[in-house]
Amino acid sequence: MSVCVILVCGGSGTRMGAEGNKTLLPVGGVPSCVRAARTLLTVADSLVAVVRAGEEKLFQDVFVKYGLQNATIVTGGSSRQESVRNGLNAVPDDCTEVLVHDGARPLVDEETVHRVLESVRKYGTGIAAIPVTDTVKRADAEQNVQTTLDRSNLWRMQTPQGFRRELLMRAHREAKDDLTDDAGLVEALGEPVRLVRSSVRNIKLTTQEDWAMAELLAGPSIRVGTGFDAHRLVEGRDLVLCGVRVPYELGLDGHSDADVALHALCDALLGAAALGDIGKHFPDTDGRYLGISSLILTERTREILEDAGYAPLNVDVTIVAQKPKLAPYIEQMRNNVAKALRLPPEMVSVKATTTEKMGYEGRGEGISAQACATVTGFRRNLL
């Protein structure tokens, strides 16, 4: 037996104000459709993604990026029913069971998927659903209550909806009405439809509130990066560390202001988000960065992180220098970094140490810095 997932990825995101396809909205740092596909593929052998016309290459690139390069991309139709039918026509020949799932339901759990598949194998169908727990009332067009419904036998439909392949294909062939879920098509055949207990976490991204809730349920994406930099001490240059001009007879040599501490910090931030290093974004061959304040580079690094969906959470910088004494300037350094990264000062640590006169720092030939940064993922624009 072979199981195939049909992942419906045609959501426009209009109701939630998204700029594009809502199934690409990141949840916990991963596109919604990718999170869903990963869970479903714990039981399935193949994946068919049904997407809007013109978005085939976009989804192909996204799936490849996240290791789902074997996904089959199919163009959807003018309705959900037609889109699923197109997906059915693309499932592998050896497929015996089909799981249809919304790409906008990123938080489906493995237990639900397993229960759906077990039901399909036992009864021919398995529909993820949850019992209605709120009081339900029927109202007229003017929102006047007409009656209170008995909720004891009411369920809210979700996905995945699982079927034996031949049953779902027959339901689509014989469909007389355009329905919003595949279970309804099987019902119309007069075939029994079996419900499977799901979870309230299995929400569908429809509104901004749904997206915010999904982010909370998924948990933040926390990542850590480290950075290191070193510069030679020379005459005729200002000594700038974390944006503070420290009185000293020597300064650090470099293309910018050579602020070794902020350079290490920028590398730590970029490294946490796997976005390269400071040399990639601000090369010393570019005249725009000649003599530039590294505080500006730090602010731009924060913007690069934000564009990629990350924000600094806390940072720790250690400056290694035999001379001069840096203790009087530490608080100003912390405040400068906090302002550049839009962090509270208590989330910024700057320390200074010596090497007990060992190495190039101990001989006064140069200064080095190490940095550690934690960044967190958050909601951002579409990929």
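Residues numbered from 1 in each chain as written. Predicted model: local features only at pLDDT ≥ 70, side-chain atom pairs only at ≥ 80, totals over all residues. Heavy atoms only, no water.

(A) A look at the pairing of strand β1 (residues 2–9). Extensive coverage of β1 is indicated by the burial of eight of its eight residues. Side chains Ser2, Cys4, Ile6 and Val8 project from β1 onto one buried face, and the interleaved Val3, Val5, Leu7 and Cys9 project onto a second face that is buried too. Inspection of the sheet shows β1 paired to strand β6 (residues 95–102) by seven bridges, in the parallel sense. In the strand pairing of β6, Leu7 is matched with His101. Of the pairings in the sheet, the one linking β1 to strand β4 (residues 46–51) comprises six bridges and is parallel in character. (Buried < 20%, exposed > 50% of the residue type's maximum accessible area, 1.4 Å probe, protein only. Helix = DSSP H or I, 4+ residues; strand = E, 2+ residues; numbered from the N terminus. Pairing = 2+ DSSP bridges.)

(B) A look at helix α8 (residues 260–272). Across its 13 residues, α8 extends 18 Å between first and last C-alpha, which sits within 8% of the 18 Å expected from 1.5 Å per residue. In terms of burial, α8 is largely enclosed, as 12 of its 13 residues are buried. Taken residue by residue, α8 has Val260, Ala261, Leu262, His263, Ala264, Leu265, Cys266, Asp267, Ala268, Leu269, Leu270 and Ala272 as its buried positions. Ala274 sits one or two positions beyond α8 and adopts a positive phi of about 55°. (Expected span 1.5 Å × (residues − 1).)

(C) Expanded view of the packing of aromatic side chains. Under the counting rule described, the total for this entry stands at two aromatic pairs. Ring geometry for Phe59 against Phe63: centres 6.1 Å apart, planes inclined by 55°, an arrangement best described as tilted. One end of the pair, Phe59, and the other, Phe63, are both in helix α2 (residues 56–65), four residues apart, so they sit about a helical turn from each other. The same class applies to Phe59 as to Phe63, namely buried. Arranged with centres 5.5 Å apart and planes meeting at 80°, the rings of Phe282 and Tyr289 form a pair that is edge-to-face. Residue placement shows Arg194 over the ring face of Tyr123; its charged tip is 3.9 Å from the ring centre. (Phe/Tyr/Trp six-rings, centres within 6.5 Å; stacked < 30°, edge-to-face > 60°. Lys NZ or Arg CZ within 6 Å of the ring centre and 35° of its normal.)

(D) Fine view of a nonpolar patch on the surface. Taken together, Trp155, Met157 and Leu195 make up a surface patch of nonpolar side chains, about 240 Å² in accessible area. Positionally, Trp155 belongs in strand β10 (residues 155–164). Given the relative accessible area of 34%, Trp155 is considered partly exposed. (Patch = residues over 30% accessible without salt bridge, like charges linked within 9 Å, V, L, I, M, F, W, Y side chains within 5 Å. Areas by Shrake-Rupley, 256 points an atom, 1.4 Å probe, with all protein chains shown as cover. Salt bridge = Lys/Arg side-chain N within 4 Å of Asp/Glu carboxyl O.)

(E) Highlighting the state of the cysteines. Enumeration according to the criterion identifies zero disulfides in this entry. We note that Cys266 lacks a disulfide partner, and the nearest cysteine sulfur, in Cys242, lies 10 Å from it. Judged by its relative accessible area of 0%, Cys266 falls in the buried class. Not engaged in a disulfide, the cysteine Cys372 finds its nearest cysteine sulfur in Cys266; these two sulfurs lie 15 Å apart. (Disulfide = S-S within 2.5 Å.)

(F) A look at the nonpolar core. Of all hydrophobic cores here, the largest spans 42 residues; its most connected members are Leu265, Ile319 and Met333. Among the secondary structure elements, those contributing two or more residues to this core are β13 (239–241), β14 (244–246), α8, α10 (294–308), β16 (310–320), α11 (330–341), β17 (348–353) and β18 (366–377). Here this core gets nine residues from one element, more than from any other, and that element is α8. For Met333, the contacting residues outside a window of four places in its chain are Leu241, Cys242, Val244, Val246, Ile319, Leu326 and Val350. In this structure, Ala36, Val43, Val62 and Val113 belong to the second largest nonpolar core, which totals 31 residues. (Core = buried A, V, L, I, M, F, W, Y, C linked by side-chain atoms within 4.5 Å. Contact = heavy atoms within 4.5 Å.)

(G) Fine view of the packing of α8 against α10. Where α8 contacts α10, the two axes come as close as 10 Å, and the packing angle between them is 5°. Here α8 lies roughly parallel to α10, going by the angle between them. On α10, the residues that touch Leu262, His263, Cys266, Leu269 and Leu270 of α8 are Ser294, Leu295, Leu297, Thr298, Thr301, Ile304 and Leu305. Each residue belonging to the contact of α8 with α10 can be placed in one class, and the counts come to eight nonpolar, four polar and no charged. (Axes fitted to C-alpha atoms, helices over the stretch in contact; angles between N-to-C directions. Parallel < 35°, antiparallel > 145°, perpendicular 65-115°, else oblique. Nonpolar A, V, L, I, M, F, W, Y, C, P; charged D, E, K, R; others polar.)

(H) Just the packing of α10 against α11, in detail. One way to put it is that α10 packs onto α11 with a least axis distance of 8 Å and a crossing angle of 40°. As summarised for this structure, α10 and α11 are arranged oblique, according to the angle between their axes. Seen along the crossing, α10 lies across α11 with a hand that is right-handed. For the pair formed by α10 and α11, the contact residues are Leu295, Thr298, Glu299 and Arg302 on the first element and Asn336, Ala340 and Leu341 on the second. The residue inventory of the contact of α10 with α11, partitioned by class, reads three nonpolar, two polar and two charged. (Left-handed = near helix turned anticlockwise from the far one by under 90°.)

(I) Representation of the sheet that holds β16 in the model. On the basis of which strands lie adjacent, the open sheet formed by five strands has the order β15-β12-β18-β16-β17 and mixed pairing. Where the open sheet ends on each side, the last strands, each with one partner, are β15 (251–252) and β17. Note: strand β12 (residues 222–234) against β15, two bridges, orientation antiparallel. Counted as the bridge partner of Val234 is Gly251 from β15. Against the sheet, α8 engages β12, β15, β16 and β18, with an angle of about 155° to β12. Strands in contact with α11 are β16 and β17; relative to β17, the strand with the most contacts, it is inclined by about 145°.

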